[in-house]
Amino acid sequence: MSHPSPSRNGHPSPSGTDAPAAAAPDEGPPGTAPFAPDLSIGSVTTTPYEDYVQAGVLTHLQHPLSDDPGEMVFLVTTQVMELWFTVIVHEWQTAADALRRDDLAVARDALERSTHELEALNAAWKPLARLTPAQFNAYRSALGEGSGFQSAMYRRLEFLLGEKSASMLVPHRGAPREYAELEKALQEPSLWDEVLRLLARRGHAVPAAVLERDPAERYEPDPAVEAVWAEVYAGPQDSELVLLGETLTDVAELVWRWRNDHLVATRRAMGAKMGTGGSAGVAWLEKRARKNVFPELWTARSHV
């Protein structure tokens, strides 16, 4: 006659064997709820977390083309950057829509969130920023003609900053969804356009030529806009417009840091060689790093 064998907690096992029973929740102090999660949640094939986050999709999107272990780091880091581009575009589009409605609170909230997201985006350079030329060259050929300037989501980010260029749609002609999204973004007012329209509605002398410009053209700095911002900054420092200007300046500074970090990482990894995808490499990045985002916000400070 067999007897029930004791389980790990000292109580008999109902099966009469030493087979482990289902794990019990960790017990907290008397009168408190268990610490352990409910492991019974979920179906046979998935969990609510997986249904929402789609982690199984994200973690199986990596297909290195070389045997070098560093390529996995490069590939995942680049994919993480794409996700941050997506979030930041969402925030800036939210801010632009709010400015159009004169809702500065919602606009500033979205812009402030984007500063933290830009910091996380910029931190993504760290795994790549110390690559030696030999380490980068070990898998560089796997990129083929691929280059970061071909990123559709990054292009949308630049369009929202006013850096419009119809020629940048050309690499996406074979991707109907991306091409349509970029074409729409090209024709829409940028975030900066919406800021200037708000200033005009608040009674500031933004020139009609600036307000009525073709939004598909690259924004060029205007002395009259600089004068408007100098006037705003000379006023009460707790005004809505000064606070908006400072939040936009935070965004602009972090975008500049992104461009500069990209330049430094590229210069360390490949020097002055031609970039992938036929780009000019470091020379092109140096030109980008010299450009100010929301330019009149910077130059107006000399006149306050």
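What counts and what doesn't
Residues numbered from 1 in each chain as written. Predicted model: local features only at pLDDT ≥ 70, side-chain atom pairs only at ≥ 80, totals over all residues. Heavy atoms only, no water. Helix = DSSP H or I, 4+ residues; strand = E, 2+ residues; numbered from the N terminus. Core = buried A, V, L, I, M, F, W, Y, C linked by side-chain atoms within 4.5 Å. Buried < 20%, exposed > 50% of the residue type's maximum accessible area, 1.4 Å probe, protein only. Contact = heavy atoms within 4.5 Å. Salt bridge = Lys/Arg side-chain N within 4 Å of Asp/Glu carboxyl O. Arc of directions from axis to C-beta. Phe/Tyr/Trp six-rings, centres within 6.5 Å; stacked < 30°, edge-to-face > 60°. Polar contact = N/O pair within 3.5 Å; in protein donor to acceptor, adjacent residues only side chain to side chain.

A. Representation of the environment of D67 within the structure. Mapped onto the elements, D67 comes out in the loop between α2 (55-58) and α3 (70-100). Taking the C-alpha atoms as reference points, D67 and Y139, 72 residues apart in sequence, are found 8.1 Å from one another.

B. Quick peek at the nonpolar core. Counting 58 residues, the largest nonpolar core has W92, L191, W192, L196, W229, L248 and F294 as its most contacted members. Every element with two or more residues in this core is listed here: α3, α4 (104-123), α5 (133-140), α6 (152-160), α8 (191-201), α10 (223-234) and α11 (240-270). The element contributing the most residues to this core is α11, with 12 residues. Those residues in contact with W229 that lie beyond four places of it in its chain are W192, V195, L196, L199, L241, G245, E296, L297 and A300. In terms of nonpolar packing, the next biggest core, distinct from the first, is built from seven residues, A152, L169, L182 and A185 among them.

C. Fine view of the pattern of salt bridges. Summed over all chains, the structure comprises 17 salt bridges. Among the salt bridges present, the one from R100 reaches D97, with a minimum N-O distance of 2.9 Å. Of this pair, R100 and D97 both sit in helix α3, three residues apart, which is roughly one turn of the helix. Exposure remark for R100: the relative accessible area of 40% places this residue in the partly exposed category. Of the residues examined, D97 reaches a relative accessible area of 27% and is grouped as partly exposed. Note that R177 is salt-bridged to E178, the shortest N-O span being 3.2 Å. On the basis of relative accessible area, R177 is assigned to the exposed category, the value being 58%. Accessibility expressed as a relative area gives 23% for E178, which makes it partly exposed.

D. Highlighting helix α12 (residues 282-289). Along α12, the residues that are buried comprise V282, L285, R288 and A289. Buried residues in α12, looked at end-on, bunch into an arc of 120°, giving them a common side. In this structure, the buried side of α12 is in contact with α6 and α11.

E. Seen up close, the packing of aromatic side chains. Going through the model one piece at a time under the given rule, you end up with 10 aromatic pairs. Seen from their ring centres, F85 and W258 are 5.6 Å apart, and the 90° between their planes marks the pair as edge-to-face. Highlighted residues: F85 in helix α3 and W258 in helix α11, separated in sequence by 173 residues. Residue F85 is classed as buried on the basis of its relative accessible area of 5%. Ring plane angle 15° and centroid distance 6.1 Å describe the contact between W192 and W229, whose orientation is recorded as stacked. In this pair, W192 sits in helix α8 while W229 sits in helix α10, placing the two residues 37 residues apart along the sequence. For the pair shown, W192 and W229 are each scored as buried. Through a chain of ring-to-ring contacts, three or more aromatic side chains come together here, namely F85, W125, Y154 and W258.

F. Layout of the environment of E240. Within the element layout of this structure, E240 appears in helix α11. Residue classification places E240 among the partly exposed positions, given a relative accessible area of 45%. Along the backbone, E240 and L104 are 136 residues apart, and their C-alpha atoms lie at a distance of 7.5 Å. Beyond its immediate stretch of four places on either side in the chain, E240 contacts L104 and R202. Separated by 3.2 Å, the side chains of E240 and R202 make a polar contact.

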